[in-house]
Amino acid sequence: MTQQPEQYLDKVTAGPGGVMTDDVGVVTGDLTIVTTSRDGRDAEITVQYTGAEEWYTMTGSPVPVPPTGLHALHDAVLAAARAGGGAEVPR
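Position labels on residues start from 1 in each chain and follow its written sequence. pLDDT decides what is reported in this predicted model: residues at 70 or higher carry local features, side-chain atom pairs at 80 or more are listed and counted, and totals for whole chains, interfaces and linings draw on all residues regardless. Side-chain numbers come from the whole structure's heavy atoms, not from hydrogens or water.

**Student:** In this structure, what is going on with the overall build of the protein chain? I would like to understand it.
**Tutor:** Scanning the protein chain from N- to C-terminus turns up 1 helix and 7 strands. For helices the rule is a DSSP run of H or I covering at least 4 residues; for strands it is a run of E covering at least 2, with both sets numbered from the N terminus onward. The order of α-helices and β-strands along the protein chain, N terminus first, is β-β-β-β-β-β-β-α. In terms of overall size, the protein chain behaves like a compact globule, its C-alpha atoms giving a radius of gyration of 12 Å where 91 residues would be expected to give roughly 12 Å. By principal-axis analysis of the C-alpha atoms, the protein chain measures approximately 40 × 25 × 20 Å. Counting only residues that meet the buried cut, the protein chain has 38% of its 91 residues in that class. It only takes one pair of heavy atoms within 4.5 Å for two residues to be counted as in contact. Across the protein chain, contacts joining residues at least 24 apart in sequence account for 51% of those joining residues at least 6 apart. Neither His nor the chain ends is counted toward charge; the positive residues are Lys and Arg and the negative residues Asp and Glu. Charge positions are represented by NZ for Lys, CZ for Arg, CG for Asp and CD for Glu. Seen as two clouds, the 5 positive and the 12 negative side-chain charges of the protein chain have centres 5 Å apart. Within these notes, the globule rule equals 2.2 Å times the number of residues to the 0.38 power, and the radius of gyration is based on C-alpha atoms. With a 1.4 Å probe rolled over the protein chains alone, any residue whose accessible area is under 20% of its type maximum counts as buried; one over 50% counts as exposed, and the rest are partly exposed.

**Student:** Please clarify how the nonpolar core should be interpreted in this entry.
**Tutor:** Generally speaking, a soluble globular protein has its nonpolar side chains buried in company with each other. Membership of the largest hydrophobic core comes to 20 residues, with the highest contact counts inside it found for Val-19, Leu-31, Ile-33, Ile-45, Met-58, Leu-73 and Val-77. Mapped onto this core, the elements with two or more residues apiece are strand E4 (30–37), strand E5 (42–49) and helix H1 (70–83). No other element matches H1, which puts 6 residues into this core. Those residues in contact with Ile-45, other than ones at most four positions away along the chain, are Ile-33, Val-34, Thr-35, Tyr-56, Thr-57, Met-58, Ser-61, Val-63, Leu-73, Val-77 and Val-89. Residues grouped as a nonpolar core are buried Ala, Val, Leu, Ile, Met, Phe, Trp, Tyr and Cys residues, joined through side-chain atoms within 4.5 Å.

**Student:** Is there a simple way to explain the pairing of E4 in this structure?
**Tutor:** One face of the sheet, then the other: side chains in a regular strand alternate in exactly this way. Burial within E4 is extensive, with 7 of its 8 residues counted as buried. Note: two strands are recorded as paired if DSSP finds a minimum of 2 bridges between them. With 7 bridges connecting them, strand E1 (residues 7–13) and E4 associate as antiparallel partners. Counted as the bridge partner of Gln-7 is Thr-36 from E4. Note: E4 against E5, 7 bridges, orientation antiparallel. Considered in E5, the bridge of Thr-35 is made with Ile-45. Taken together, E4 and the strand that follows it, E5, pair antiparallel across an intervening segment of 4 residues, in which Gly-40 is found at a positive phi of about 90 degrees.

**Student:** In this structure, what is going on with the environment of His-71? I would like to understand it.
**Tutor:** Positionally, His-71 belongs in helix H1. Owing to a relative accessible area of 40%, His-71 belongs among the partly exposed residues under this scheme.

**Student:** What should I look at first to understand the side chain of Thr-46 in this one?
**Tutor:** Tracing the backbone shows Thr-46 in strand E5. Take Thr-46: its relative accessible area is 14%, and that puts it in the buried class. Among residues more than four places away in sequence, those in contact with Thr-46 are Thr-32, Ile-33, Val-34, Trp-55, Tyr-56 and Met-58.

The analysis is restricted to geometry; functional conclusions fall outside its scope.
Below is the structure:
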């Protein structure tokens, strides 16, 4: 039996200037953001237009999981997305 990775998913409205992705540049509007632990040490952050099928890598991902944990990282990513300005994954 394979264990599922730790993961957080939330919907957010990006602030002015949106969120920067490696794949398509800036995405704006209503977004879904997922923060996934890859191995307990690193996390991958992906974003999509809410309701769409395509997922994009948020610029700055993967990133080390901070000592405060994956949930704290996810909260920081959401705050950055809400602030906009071409938000990247906080370090």
